[in-house]
Number of protein chains: 2
Amino acid sequence: MPVTMRDVARHAGVSVKTVSNVVNDFPHVSPSTRERVLASISVLGYRMNFSARNLSLGRTGMITLAVPELRLPYFSELSDEVIVAAAERGYTVLVERTGGVRERELEALTSDRRRMTDGLIFSPLGLRPSDAHRLEVDYPLVLLGERALHGSVHHVAMGNVAGARAVAEHLLERGRRRIAVVGSYDTRGAGAGSLRTQGFTRALADAGIEHDPRRTGEALEWTRTTGAEAMRRVLDRGVGVDAVYGLNDVLALGAMRVLYERGLRVPEDVAVAGFDDIEEGGFSCPSLTTVQPGRPEIARTAVWLLVDRIARGAPAGPGGRELVVAPELVVRESTGGVGEPA
Amino acid sequence: MPVTMRDVARHAGVSVKTVSNVVNDFPHVSPSTRERVLASISVLGYRMNFSARNLSLGRTGMITLAVPELRLPYFSELSDEVIVAAAERGYTVLVERTGGVRERELEALTSDRRRMTDGLIFSPLGLRPSDAHRLEVDYPLVLLGERALHGSVHHVAMGNVAGARAVAEHLLERGRRRIAVVGSYDTRGAGAGSLRTQGFTRALADAGIEHDPRRTGEALEWTRTTGAEAMRRVLDRGVGVDAVYGLNDVLALGAMRVLYERGLRVPEDVAVAGFDDIEEGGFSCPSLTTVQPGRPEIARTAVWLLVDRIARGAPAGPGGRELVVAPELVVRESTGGVGEPA
DNA sequence: TTGTAGGCGTTATCAC
DNA sequence: GTGATAACGCCTACAA
């Protein structure tokens, strides 16, 4: 039998409204009354019923964060940061796992469960360009990590092309010319994979170098395992490789593992660079050169935009802003940088 | 203006209750009526209001998972598994971040926000033995990862002592005698740190070897950074080390990084072993020998116990069960094992 | 400053 | 099978 406001009111000899005023820190309550109510609350062990409050208020104080998988370091670090940023704004985060699968991503966008929260921060992976119209939803939504698929949706992007270009230029500067790319799959869409590949190949082209497709190791999922497999395929083609660019850090680390198994030295024989700047890369042996995409800022910005939309009661509309966070190259041992761990 | 059941009922020419019956898949609804209602739902774009449903039902279909930090691989992998297991049972997971700080952990136990969900899976870190009585809560609760602090609370433990013993015996078998321990801090309590230390030192004692405290590197937090720092302190004492036991994998990986920096070969000069079997350890160079504590089983069991308690409406009471999951030693390159990645 | 009435959208009860 | 009606616990008027 849960204790309700009514019980507290009775116990304190006041009305329900007064109890409500006290627990919600409303200004106009006499100190003595407040005191009495707080005492009753403590005695009876009253706890607010959120379902009732949510129903009445029409909002829940929760937001959803939909990511592919929590076990991928980039997303676990991102989730951590989103949770902290949301807490600062008084919101609780419901983490939804889409697996990066299109069907589940569409479901995250429309399911009943979605309605349990006031808004959604969404990091899509499997969505196709033709799904763009699905993003025209009637609730507050902020997209993460990919180029805006639709103009009316708030969107926090990272500088994929610029970051990839920085990696390419860095490797070229180190004298590498036979650079393998691990992770490429879709090179046309607006996804991270495509953008990070484009930025890279364009930089090579600018330097008068054409990327040899035999040095591309494709990986549908971006994990250590698929990175390792892709690296093996490239090496087995026997085309010669003096550097590896992993489209994200776990791919690069998987590739580095294969180089280690094959007795190739990093960076002497093969330089390695990744993308994302996950903590792990600062401690690998050798430590991993990578691109810090501004993840903390992305998380914070996304939460602010979303909370702002929620507060203004402005679900969607034409006010979609695209914010691009600037990336930063982090040079470490795997390309001949110094060995200071992050 | 959201569409309600009332709207659907009006549109379909039926009562609200009938709509409710349809959306909840109640058996006794005539096919034609069902058809009509579903059509109206689709036309009007009706979506269930969860706040109202939760208020009426008295439950939310959500559970809370309280962990120190999502960015620690053990907890991100655990969270992933809990989310999947909960989904199988029809529950959504709210991940709460305690930072491993006692105050925040107590808060997770009692805050109003806690009441937004039907139960709590709690992985404490900063709680003291004297806080045991705080675990006598009036809602479904399952403890994770530590020895039961209180008898009436369901508790899923890992075999910390057995796992640590297995590591010690393995290192001894490999001929190592001057083994450093990285991470020890509290060696008396019932926490993971203490149990993993005890199991280890006892195994040494059984072999007639006394652990030299100068080979202990303390670390309050268990991260790569603190592991590296602890390792440096031990090495700087100049006592000589031919093996390192990290109380968890990130500590061990941080330590391994320092060995790399100092030019010590693993495992030739120094063998390294950890605890937790995070994915990363299968891809480090060299790959990391560790203990798989049965994390997937822990996650699944915890969810089942909790959901069971919720379903039975049995908040606490004397039915606290302690389940201990058996650990398994995973031998890899860092102690001279084969190099097959996980 | 405090009390009262009504509604938030759903589910449960019990007639029909 | 289906339909009124009363909770569920809280909040926002408005009244006192």
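Placed above this text is the structure.
Sequence order sets the numbering: in each chain, residues are counted from 1 along the sequence as written. Chain A is the first chain written and ligand 1 is the first ligand written, with later ones labelled in order. Local features are withheld for residues below a pLDDT of 70 in this predicted model, meaning they are given only at 70 or higher, and side-chain atom pairs are given and counted only at 80 or more; totals for whole chains, interfaces and linings count all residues. Derived side-chain values reflect all non-hydrogen atoms in the structure, with water molecules and hydrogen atoms excluded from consideration.

Q: Please clarify how the pattern of salt bridges should be interpreted in this entry.
A: Once their charged atoms are close, side chains differing in charge can pair, the charge on each being opposite to the other. Any Lys or Arg side-chain nitrogen located within 4 Å of an Asp or Glu carboxyl oxygen qualifies as a salt bridge. For the coordinates displayed, the defined rule picks out 56 salt bridges over all chains. The partner of Arg224 of chain B in a salt bridge is Glu280 of chain B, and the shortest N-O contact between them spans 2.7 Å. One end of the pair, Arg224 of chain B, is in helix 9 (residues 224–236); the other, Glu280 of chain B, is in the loop between strand 9 (271–273) and strand 10 (290–292), and 56 residues separate them in sequence. Glu280 of chain B carries the same exposure label as Arg224 of chain B, and that label is buried. Connected via shared salt-bridge partners are Arg71 of chain A together with Glu77, Glu81 and Arg295 of chain B. A run of DSSP states H or I qualifies as a helix once it reaches four residues; a run of E qualifies as a strand once it reaches two. Both are numbered from the N-terminal end. Partly exposed residues are those whose accessible area sits between 20% and 50% of the maximum for their type, while under 20% is buried and over 50% is exposed, using a 1.4 Å probe and protein chains only.

Q: What is the right way to read the packing of aromatic side chains from this model?
A: Each Phe, Tyr or Trp ring, with Trp reduced to its six-membered ring, pairs with another whose centre is within 6.5 Å; inter-plane angles below 30 degrees give stacked pairs, above 60 give edge-to-face pairs, and intermediate values give tilted ones. Going through the model one piece at a time under the given rule, you end up with four aromatic pairs over all chains. For the pair Tyr74 of chain A and Phe75 of chain A, a centre-to-centre distance of 5.3 Å together with 85° between the ring planes defines the contact as edge-to-face. Residue Phe75 of chain A is classed as buried on the basis of its relative accessible area, which comes to 10%. A ring has a charge above it when a Lys NZ or an Arg CZ is no more than 6 Å from the ring centre and no more than 35 degrees off the ring normal. Cation over ring: Arg89 of chain B sits above Trp304 of chain B, and NZ or CZ is 5.0 Å from the ring centre. Over the aromatic face of Tyr139 of chain B sits the side chain of Arg114 of chain B, whose NZ or CZ is 3.6 Å from the ring centroid.

Q: Is there a simple way to explain the interface of chain A and chain B in this structure?
A: Much of the literature gives interface size as the accessible area that the parts lose upon coming together. Chain A puts 52 residues into the contact, and the matching count from chain B is 53 residues. For the pair chain A and chain B, the two sides together bury roughly 4900 Å², of which 57% comes from carbon and sulfur. Together, Arg71, Arg257 and Phe283 of chain A form the three largest contributors to the area buried by chain A at its contact with chain B, with a combined 15%. The interface formed by chain A and chain B holds 12 salt bridges in total. Note on definitions: a residue-residue contact is assigned when non-hydrogen atoms from the two residues lie within 4.5 Å. Summed over both partners, the accessible area (1.4 Å probe) lost when two parts come together is defined as the buried area.

Q: So what exactly am I meant to see when it comes to the protein's contact with DNA strand D here?
A: The nearness test applies per residue and asks whether one of its heavy atoms lies within 4 Å of the molecule or strand. As a structural note, the neighbourhood of DNA strand D is formed by 25 residues, with Met5, Tyr46 and Ser56 of chain A together with Thr18 and Thr33 of chain B the closest of them. Among the atoms of DNA strand D lying within 4 Å of the protein, the sugar-phosphate backbone contributes 80%. By the criterion applied in these results, polar contacts are pairs of N or O atoms within 3.5 Å in which, for protein atoms, one can donate a hydrogen and the other can accept it, and in which residues neighboring in sequence qualify only through two side-chain atoms. Within the side chain of Ser30 of chain B, an N or O atom sits 3.0 Å from a phosphate oxygen of DNA strand D. Of the residues forming the surface near DNA strand D, the biggest block, five residues, is contributed by helix 4 (residues 50–57) of chain A.

Q: When you look at the side chain of Arg295 of chain B in this model, what are you seeing that I'm missing?
A: With respect to the helices and strands, the residue Arg295 of chain B is situated in helix 11 (residues 295–312). Arg295 of chain B gets classed as buried once you look at its relative accessible area, which sits at 2%. Residues contacting Arg295 of chain B, with those up to four places away along its chain left out, are Arg71 of chain A together with Tyr74, Glu77, Leu78, Glu81, Asp276 and Asp277 of chain B.

Q: Which parts of the structure should I look at to understand the protein's contact with DNA strand C?
A: Surveying the vicinity of DNA strand C reveals 24 residues, the closest of which are Ser15 and Thr33 of chain A together with Ser20, Tyr46 and Ser56 of chain B. Among atoms of DNA strand C positioned within 4 Å of the protein, sugar and phosphate together represent 69%. In the environment of DNA strand C, a phosphate oxygen lies 2.7 Å from a nitrogen or oxygen atom belonging to the backbone of Met5 of chain B. Contact between DNA strand C and Tyr46 of chain B: a phosphate oxygen at 2.4 Å from a side-chain N or O atom of the residue. Secondary structure elements with two or more residues in the surface near DNA strand C: helix 2 (16–23) and helix 4 of chain A together with helix 2 (16–23) and helix 4 (50–57) of chain B. Top element by residues in the surface near DNA strand C is helix 4 of chain B. It accounts for four residues.

Q: I would appreciate a short explanation of the side chain of Thr60 of chain B in the present structure.
A: Mapped onto the fold, Thr60 of chain B is located in the loop between helix 4 and strand 1 (62–67). Ignoring anything within four residues of it in the chain, the contact list for Thr60 of chain B reads Ser51 and Met116 of chain A together with Asn54, Met116, Thr117 and Asp118 of chain B.

Q: What am I meant to see in the state of the cysteines here?
A: Here, the word disulfide means a covalent bond between the sulfur atoms of two cysteines. When two cysteine sulfur atoms are found within 2.5 Å, that pair is recorded as a disulfide. A full pass over the atoms with the stated rule returns zero disulfides over all chains. Cys285 of chain B forms no disulfide, and the closest cysteine sulfur to it belongs to Cys285 of chain A, at a distance of 7.6 Å.

Q: Just to check I follow, could you spell out helix 11 (residues 295–312) of chain A for this structure?
A: Helical periodicity: at 3.6 residues per turn, an α-helix aligns residues three or four positions apart in one direction. Residues and elements named next belong to chain A. Given a helix with a known number of residues, its expected span is that number minus one, times 1.5 Å. The first and last C-alpha atoms of helix 11 sit 26 Å apart over 18 residues, in line with the 26 Å expected at 1.5 Å per residue. Listed as buried for helix 11 are Arg295, Ile298, Ala299, Thr301, Ala302, Val303, Leu305, Leu306, Val307, Arg309 and Ile310. At the exit of helix 11 stands Gly313, carrying a positive phi of roughly 60°.

Q: How should the sheet that holds strand 9 of chain B be read in this particular structure?
A: Residue and element names in this part refer to chain B. For two strands to be treated as a pair, DSSP must find at least two bridges joining them. Pairing is parallel across the open sheet formed by four strands, whose spatial order is 7-6-8-9. This sheet does not close on itself; its edge strands, each paired only once, are strand 7 (216–218) and strand 9. In this sheet, neighbouring strand axes are inclined to one another by 15° on average, regardless of whether the strands run parallel or antiparallel. Sheet analysis places strand 6 (residues 179–183) next to strand 8 (residues 243–246), joined by four bridges and oriented parallel. Interaxial angle, 0 to 180 degrees, is taken between N-to-C directions of lines fitted to C-alpha atoms, where a helix line uses only the stretch in contact.

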